[in-house]
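# Architecture and fold: a report
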Amino acid sequence: MSNDQPRPDRIMEIANGYWATGVLGSAAKYALFTHLDAGVDTADRLAAEAGISERGAQTLLDGLVGLGLVELHGASYRNTPEAAAFLVEGRPASLSGYAQLKLGQMGKMGSLLEVFRTGGPVDAMTEVADNPHWEDVVPAIAAQSVPVATVAAGLLGLAEAGEISILDLGGGSGIFSAIWLGLNPAARSTQLDWAPINAIARRLLKERHLADRFTCIDGDFHTVEFGAAAYDIAVYSHVAHQEGPEDNIAIFAKVRAALKPGGTLVVCDYVVDDDRGGPFFPLLFASEMLLKSKKGGTWRQADYRAWLTEAGFDDVSFHSTQSPTTLVFAR
């Protein structure tokens, strides 16, 4: 067989992709990356520290080596720089909780056949305010926004911006407010979200000693008014993918009216290329929105540009980050 013949390797890897979710989520649940970071570097020692079998620890380590998250140095195992940065518990950008969350959601994949057939969720999750899953989901997904919020702050010059007012729509954990208020001691932020979610955000801002400059409005941003010319910056992070085109346009128009002259709307989301040829993560993430939301999806740059223009913005720019998230600035 010549070297240019198709091979089944990649299809086998994709078909068995749930192994990767299982290995990563289990390793995170048993804090293997945290133990490795502390110098526990062999299967027998990891088994003892994590409270699992030595066979289980060795199998997890083998899987993590295969995934490129752990390296073998002689008889010792170490985290790769990527795992050290994003999977050790307690670090600001740790995705350990996110990996455990995804492990717990694997059972929902069984409904995908029906979801693709009907074009919508069997049981919508993103539109339910009092869904108890928010208590697990909101903190788990917060860490993915840490590097993005930091990049956005740098592009906007927030640290040197002085007394500014921020509106965080659907702010979830409050992570954007926490990072931005931490960088700018003169800034104030208001988060508009459902009451159970705002309770989570208040805890985070209190833990970071920023609660005195953080206000919450309990409600639905579809119906609550934002005010007129009240804010210097508004942020709409990982919300647009839960909404349909009409709702996004309506929200953007309300934000435009709520911003002071020269104010900026920051949209953070998984943005698809106009030709729908990439990137990989936004294209794949659309399936999650089909599974969990009634109208959501991952939208193209052209969609955002058209919606924001219709809402009254005339300066729209896109900024890549070192993550699957794109920043969209509208003024």
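This report concerns the structure included in the present document. Counting from 1, residues in each chain are numbered in the order their sequence is written. Predicted model: local features are reported for residues with pLDDT of at least 70 only, side-chain atom pairs are reported and counted for 80 or more only, and whole-chain, interface and lining totals are derived from all residues. Side-chain measures were taken over the full set of non-hydrogen atoms in the model, leaving aside hydrogen atoms and water.

A few words now on the layout of surface pockets. Of the pockets and cavities examined, the largest pocket occupies roughly 2,000 Å³. Lining the largest pocket are 45 residues, and of these Thr21, Leu24, Phe280, Phe281 and Leu284 sit closest to its centre. We count a stretch as a helix when DSSP gives it H or I for four or more residues in a row; a strand needs E for two or more, and each element gets its number in order from the N terminus. Counting residues per element, the ones that place at least two in the lining of the largest pocket are α1 (9-15), α2 (17-29), α5 (54-66), α6 (81-86), α7 (96-104), α8 (112-118) and α14 (280-292). Split by residue class, the lining of the largest pocket holds 28 nonpolar, twelve polar and five charged. A pocket, in this scheme, is an open set of points on a 1 Å grid over the protein atoms alone with protein on both sides within 12 Å along at least 5 of 7 lines, while a cavity is a set where a 1.4 Å probe fits but cannot get out; residues line either one if an atom lies within 4 Å of a point. Grid points are joined across faces, edges and corners, and a volume is the space filled by probe spheres set on the points. The nonpolar class holds Ala, Val, Leu, Ile, Met, Phe, Trp, Tyr, Cys and Pro. Asp, Glu, Lys and Arg form the charged class, and all remaining residues, Gly among them, are polar.

Sulfur atoms of two cysteines make up a disulfide when they are within 2.5 Å. Here the structure, examined in full by the defined rule, presents zero disulfides. Cysteine 268 provides the cysteine sulfur closest to cysteine 216, a residue in no disulfide bond, and the two sulfurs are 18 Å apart. When a residue's accessible area, from a 1.4 Å probe over protein chains only, is under 20% of the maximum for its type it is buried; when over 50% it is exposed; and in between it is partly exposed. Its relative accessible area of 16% is what places cysteine 216 among the buried residues.

This paragraph deals with the side chain of arginine 213. Tracing the backbone shows arginine 213 in the loop between α12 (195-207) and β5 (214-218). Positive charge is attributed to Lys and Arg, negative charge to Asp and Glu, and no charge count is given to His or to the chain ends. Whenever a carboxyl oxygen of Asp or Glu lies within 4 Å of a side-chain nitrogen of Lys or Arg, that contact is scored as a salt bridge. At 4.5 Å, aspartate 212 is the nearest oppositely charged side chain to arginine 213, a buried residue that forms no salt bridge. Within the structure, the side chain of arginine 213 is placed 2.9 Å from the backbone oxygen of asparagine 184, a separation counted as a polar contact. With near-sequence residues (within four places) excluded, arginine 213 lies in contact with Leu181, Asn184, Pro185, Ala186, Ala187, Arg188 and Ser189. Here a polar contact means two N or O atoms within 3.5 Å. Within protein one must be a hydrogen donor candidate and the other an acceptor candidate, and residues neighboring in sequence count only if both atoms are side-chain atoms. Here a residue-residue contact requires only that any non-hydrogen atoms of the pair lie within 4.5 Å.

The next point concerns the sheet that holds strand β6 (residues 231-237). Two strands qualify as a pair provided DSSP detects at least 2 bridges between them. One open sheet holds the seven strands; their spatial order is β5-β4-β3-β6-β7-β9-β8, and the pairing between them is mixed. The open sheet has two free edges, formed respectively by β5 and β8 (316-320), since each of these has just one partner strand. Sheet twist, expressed as the mean angle between neighbouring strand axes with direction ignored, is 20°. Sheet topology note: the strand β3 (residues 165-169)/strand β4 (residues 188-193) ladder contains five bridges and is parallel. Following the sheet pairing, leucine 169 is matched in β4 by leucine 192. Note on method: axes are straight lines fitted to C-alpha atoms, helices fitted across the in-contact stretch only, with angles between N-to-C directions ranging 0 to 180 degrees. Where helix α11 (residues 175-183) meets the sheet, it contacts β3, β4, β5, β6 and β7 (259-269), and its direction lies at approximately 140° from that of β6. In this fold helix α15 (residues 301-310) packs onto β7, β8 and β9 (326-330), with an angle of close to 145° to the strand it touches most, β8.

Before going further, it helps to spend a moment on the side chain of serine 293. Mapping serine 293 onto the fold places it in the loop between α14 and α15. Classification of serine 293 by relative accessible area gives buried; the value is 2%. In terms of polar contacts, serine 293 uses its side chain to reach the backbone carbonyl oxygen of methionine 289, at 2.8 Å. At 3.0 Å, the side chain of serine 293 and the backbone nitrogen of glycine 296 are in polar contact.

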